[in-house]
Amino acid sequence: FQSLTVIPPEWRWLFNTAGVASLALFALGTLSRISLWLSGVDKDSGPLEGKGYLGVLWLIFIRPFSIDCLFARRVFARSKVRGIMLMLITWSFVLLLLGVVSSLANQLVHPAFLVRLQPAMALVMDVTGGLLLVGLTIGVVKRFFFPTVHQISLPADSVVLVLFWAVVLMGFVLEGLRLAPLGWKQVNIYPVGSAFGWAVAALKVGDPLRAYVWAYVLHGVGGFALIGYLPFSKMFHMLAAQITTFAARQRLSESEGAA
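Attention here is on the structure that accompanies the text. (Residues numbered from 1 in each chain as written. Predicted model: local features only at pLDDT ≥ 70, side-chain atom pairs only at ≥ 80, totals over all residues. Heavy atoms only, no water.)

## Regarding the overall build of the protein chain
Threshold: Secondary structure elements follow DSSP: runs of H or I of four or more residues count as helices, runs of E of two or more count as strands, with numbering from the N terminus. Any two residues whose heavy atoms approach within 4.5 Å are treated as being in contact. To measure how exposed things are, a 1.4 Å probe is used in the Shrake-Rupley method; for residues, cover is taken only from the protein chains shown.
When you go through the protein chain residue by residue, the secondary structure sums to 10 helices and 0 strands. Helices (α) and strands (β) of the protein chain occur, in sequence order from the N terminus, as α-α-α-α-α-α-α-α-α-α. Put simply, 66% of the contacts in the protein chain that link residues at least 6 apart link residues at least 24 apart. Total accessible area on the protein chain is roughly 15,600 Å²; 72% of this is exposed by carbon and sulfur atoms.

## Considering the packing of aromatic side chains
The cut-off we apply is this: Side-chain rings of Phe, Tyr and Trp, where Trp is taken by its six-membered ring, are said to pair if the distance between their centres is within 6.5 Å; with planes under 30 degrees apart they count as stacked, over 60 as edge-to-face, and otherwise as tilted. Consider the ring centre and the ring normal. A charge sits over the ring if Lys NZ or Arg CZ is within 6 Å of that centre and within 35 degrees of that normal.
Scanning all chains against the criterion turns up 4 aromatic pairs. Taking the centre distance of 5.1 Å and the plane angle of 55° together, the rings of phenylalanine 15 and phenylalanine 224 count as tilted. Placement of the pair is phenylalanine 15 in helix 1 (residues 9–38) and phenylalanine 224 in helix 9 (residues 208–229), with a sequence separation of 209 residues. Each residue in the set Phe15, Tyr216 and Phe224 is aromatic and connected to the rest through ring pairs, giving one cluster. Seen from the ring of tyrosine 190, arginine 178 lies directly overhead, with NZ or CZ sitting 4.8 Å from the centre.

## Let's talk about the packing of helix 7 (residues 155–179) against helix 8 (residues 191–203)
So the rule is basically this: Here an axis means a line fitted to C-alpha atoms, over the contact stretch when the element is a helix, while the angle between two N-to-C directions is reported on a 0 to 180 degree scale. Angles below 35 degrees are treated as roughly parallel, those above 145 as roughly antiparallel, those between 65 and 115 as roughly perpendicular, and all remaining angles as oblique. When residues are grouped by polarity, Ala, Val, Leu, Ile, Met, Phe, Trp, Tyr, Cys and Pro land in nonpolar, Asp, Glu, Lys and Arg in charged, and all others, Gly among them, in polar.
Packing of helix 7 against helix 8 leaves a shortest axis separation of 7 Å and a crossing angle of 70°. The angle between helix 7 and helix 8 falls in the class roughly perpendicular. Here Leu169, Phe172, Val173, Glu175, Gly176, Leu177 and Leu179 of helix 7 come into contact with helix 8, specifically with Val192, Gly193, Ser194, Phe196, Gly197 and Val200. Grouping the amino acids of the contact of helix 7 with helix 8 by side-chain chemistry returns 8 nonpolar, 4 polar and 1 charged.

## Description of the packing of helix 7 against helix 9
The cut-off we apply is this: Take the far helix as the reference: if the near one is turned anticlockwise from it by less than a right angle, the crossing is left-handed, and if turned clockwise, right-handed.
Axis separation between helix 7 and helix 9 bottoms out at 9 Å; the angle between their running directions is 150°. Considering their axes alone, helix 7 and helix 9 lie roughly antiparallel with respect to each other. Crossing hand, helix 7 versus helix 9: left-handed. Between helix 7 and helix 9, the contacting residues are Ala156, Val160, Leu163, Phe164, Val167, Met170, Gly171, Leu174, Leu177 and Arg178 on the first element and Pro208, Ala211, Tyr212, Ala215, Tyr216, Leu218, His219, Gly222, Gly223, Ala225, Leu226 and Tyr229 on the second. In the contact of helix 7 with helix 9, the residues fall into 17 nonpolar, 4 polar and 1 charged.

The structure is reproduced here in structure tokens:
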């Protein structure tokens, strides 16, 4: 709502079509995954017993806020670096999702309290995006320079991780192009974005407005590709981890109760 006007009018139908197609692919892929879970061998006795599509979707939505997921307890037991990486990505994902929802509410109904909170929300979103970029950078570095010895890895796994990292990075390039003329004047609201703005200014981009449009298109298309491909990649564990963590916790509680 706030930035689609960046796209030239003659391109908007194509951009919007790509966005709808990516969301449709995401929905179909997610539903196919849920269908697979619900047809498991323990469907009549396991943690998903009695839960249909809506029940599983609710778990996917609510479980990221559980202590196990927010603090990556199962992962920390195996690797502190990977635990920190997952915490950065998970917390950032949750906060950015809440920020997007509040931004949407502000755009649609303009509640006064959200208008007053805009500077603080902008600061939180900027810092949160920076933490997400750090978490993804750790993931990229681990995959390419410190691969796990017993990990079964496919080229497609690297592609989706790099795509995710590039989409977030391109978002900050956009912020840098927007903030470059302001120098450090907005550093108290956009600390990470202002750093990118300084870098863009140092590179002396010829036509910042034209560069901004192209960067926006790349950011948007990359985001659409990531959304559409996510359910068909291993990166889907960002959503599936909520289900597996819930299942593991429930099985542990049942075994302790039986003992």
